[in-house]
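# Architecture at a glance
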Amino acid sequence: MEVITIEHGLLDELLLIFFSASILSAICLYLRQAVIVAYILAGLALGPVGLAIVTDASWIEDVGSVGIVYLLFLMGLNLKPQKAISLFGEALSVTLGSVVLFVSFVSSLVYFFDFNLVDSMIVGVATSFSSTIVGLKLLPTTTLHHKRRGELIIAVLLLQDFLAIGFLLVFSSVTDGSDLLSKISMTVVILPVAIFFVFLSEKYIIDALIKRFDEVHEFLFLLAIGWCSVCALIFESINLSYEVGGFVAGVALASSPASEFFAEKLKPVRDFFLVLFFFALGAGLSRADFESALLDALLLAFLLVLIKPLVFSWLFSKQGESRRQAKEVGIRLGQAGEFGILLGLTALDSDIISTEANSLIQLTIVLSIILSSLFISRNFPTPGSARTKLRKD
């Protein structure tokens, strides 16, 4: 019988990740800073930019991405299908308008940095989307589940994810030479079928299992993870994403009496994987990227964190939201997001953009997440705030 062994290098790295993250988290809390920043700093410290102990962060990022799937699954658990559809309709104009404005602004600025037109446009697209993790992870549970601002943030982030998926299809079609129109058409046709299949399976299979074994909590916990995982795999197979699949799985379960149990029990699992994801953001930067793009990325990240909240606030105010609510939603969405990293890498693999432009994208996104997280945690209620009066889980 073959004995399964664990690669000691990977195990050492994993243990170092959580040790360094815990130490830096304590320091950040003492300094009244966001805990999320500690995870990114741990990646910078152990990655190529720092001590170079972790030289390949790709496996960490892949594992950490599971946390995003669970994050969206938990998000979906608190949105009834009718409510989700209504929210998407309300947020569509804000999402499209903001993306157009951000792409125009960033493209013009990056072109001024002496990048060519194509590089400038791709950097604009990649940095136009907000961070799903920052937007949701820094929201208190009560705000996320029950308040208007949480619902608006969810709707904008999901619509941005769909737009980002569209750009990914465009970039990947350049790589493999496939017909873009047929790929998009196939996805649009299969999507309703996949959603119908998910809801049908939840009603006749998952609900039946929940009712039959509702007292076996260990099984319910595993059932939720399995259900989220299979839906994520299904949606990834039809050119959407694991994240969208996780969200649909959650919405399908939102009417179940066990939805609150799932939401509570999966939080630690989500947080475990998100630590790895944020670590990978820092560890994924090379020293060359850091040195060549630092000044441009700092300026771009600062301007994004400054201008994005103003644009979102203005657009939501035009739509009838109160000034206070529009301002907070804008600030919580005021950073570049992790989907942009994937867009940049895909464009680079497709030879659409230069290595320098991709370096600018990666570093800008990491810096904007750090700056935005620091500002949000010091001024608004967050689960990991160092300020007692603002700490709300």
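Quantities reported herein were computed from a predicted structural model and do not represent experimental measurements.

Let us look at the overall build of the chain. Looking only at helices and strands, one finds 17 helices and 0 strands in the chain. Taking 2.2 N^0.38 as the reference for a compact globule, 393 residues should give roughly 21 Å; the C-alpha atoms of the chain span a radius of gyration of 21 Å, in line with that estimate. Overall, the chain is about 65 × 50 × 50 Å in size when its C-alpha atoms are taken along their principal axes. Of all 393 residues assigned to the chain, the portion counted as buried reaches 53%. Summarising the internal contacts of the chain: among those between residues at least 6 apart in sequence, 78% fall at separations of at least 24. When the accessible surface of the chain is totalled, it reaches about 18,000 Å², and 66% of it is carbon and sulfur.

Turning our eyes to something else, we now look at the packing of helix α3 (residues 58–77) against helix α10 (residues 217–237). At a closest axis distance of 11 Å, the pairing of α3 and α10 adopts a crossing angle of 105°. Taken together, α3 and α10 sit at an angle that is classed as roughly perpendicular. Touching Val69, Tyr70 and Phe73 of α3 are Ala224, Ile225, Trp227, Cys228, Ser229 and Ala232, all from α10. Of the residues that constitute the contact of α3 with α10, the class distribution is 8 nonpolar, 1 polar and no charged.

In a regular helix each residue adds 1.5 Å, so 12 residues correspond to 16 Å; helix α2 (residues 35–46) covers 17 Å between its end C-alpha atoms and thus fits that length. Of all 12 residues in α2, 10 are buried; the element is thus mostly enclosed. Buried within α2 we find Val35, Ile36, Val37, Ala38, Tyr39, Ile40, Ala42, Gly43, Leu44 and Leu46.

As a further point, take the nonpolar core. Core analysis: the largest hydrophobic core is formed by 119 residues, its most contacted members being Phe73, Trp227, Phe262, Phe278 and Phe316. The biggest single contributor to this core is helix α8 (residues 148–176), with 12 residues. Residues Ile17, Leu46, Val54 and Ala283 belong to the second largest nonpolar core, which totals 10 residues.

All told, the structure shown has 3 salt bridges when counted by the stated rule. The salt bridge partner of Asp271 is Arg270, with a shortest N-O separation of 2.9 Å. One salt bridge connects Glu328 with Arg332, and the closest N-O pair in it is separated by 2.9 Å. Linking Glu328 with Arg332, this pair stays in helix α15 (residues 323–332), spanning 4 residues, or about one helical turn. Both residues of the pair, Glu328 and Arg332, count as buried. Several salt bridges share partner residues, and in doing so they unite Arg149, Glu328 and Arg332 into one network.

Running from N to C, helix α4 (residues 81–112) and helix α5 (residues 117–126) point in directions that differ by 140°, and their axes come no closer than 8 Å. Classified by the interaxial angle, the pair formed by α4 and α5 is oblique. In the packing of α4 onto α5, the handedness of the crossing is right-handed. Counted together, Val103, Val106, Ser107, Val110 and Tyr111 of α4 and Leu117, Ser120, Met121, Val123, Gly124 and Val125 of α5 form the full contact between these two elements.

Right, let's talk about the packing of aromatic side chains for a bit. Counted by the stated rule, this structure contains 9 aromatic pairs. Feature note: the residues Phe18, Tyr70, Phe272 and Phe273 constitute an aromatic cluster, connected by ring pairs.

What follows covers unusual backbone geometry. Unlike most non-glycine residues, Ala52 shows phi in positive territory, near 60°. According to the relative accessible area criterion, Ala52 is partly exposed, its value standing at 37%. One non-glycine residue, Asp114, lies in the positive phi region at around 80°.

Turning our attention to the side chain of Glu321. Relative to the assigned elements, Glu321 resides in the loop between α14 (287–318) and α15. Taking relative accessible area as the criterion, Glu321 reaches 13% and is therefore assigned buried. There is a polar contact of 3.1 Å between the side chain of Glu321 and the side chain of Gln325. Discounting chain neighbours no more than four positions away, the residues touching Glu321 are Arg148, Leu152, Phe316 and Ala326.

Overall, the prediction assigns the chain a mean pLDDT of 83, with 91% of residues at 70 or greater. When pLDDT is averaged over each element of the chain, α5 comes out on top at 92 and helix α7 (residues 141–146) at the bottom at 56. Counting contacts from residues 1–8, a segment whose pLDDT is below 50, to residues more than four positions away or on other chains yields 1 contact.

Scoring rules and cut-offs
Residues numbered from 1 in each chain as written. Predicted model: local features only at pLDDT ≥ 70, side-chain atom pairs only at ≥ 80, totals over all residues. Heavy atoms only, no water. Helix = DSSP H or I, 4+ residues; strand = E, 2+ residues; numbered from the N terminus. Rg over C-alpha atoms; globule rule 2.2 N^0.38 Å. Buried < 20%, exposed > 50% of the residue type's maximum accessible area, 1.4 Å probe, protein only. Contact = heavy atoms within 4.5 Å. Areas by Shrake-Rupley, 256 points an atom, 1.4 Å probe, with all protein chains shown as cover. Axes fitted to C-alpha atoms, helices over the stretch in contact; angles between N-to-C directions. Parallel < 35°, antiparallel > 145°, perpendicular 65-115°, else oblique. Nonpolar A, V, L, I, M, F, W, Y, C, P; charged D, E, K, R; others polar. Expected span 1.5 Å × (residues − 1). Core = buried A, V, L, I, M, F, W, Y, C linked by side-chain atoms within 4.5 Å. Salt bridge = Lys/Arg side-chain N within 4 Å of Asp/Glu carboxyl O. Left-handed = near helix turned anticlockwise from the far one by under 90°. Phe/Tyr/Trp six-rings, centres within 6.5 Å; stacked < 30°, edge-to-face > 60°. Polar contact = N/O pair within 3.5 Å; in protein donor to acceptor, adjacent residues only side chain to side chain. pLDDT = per-residue confidence, 0-100.

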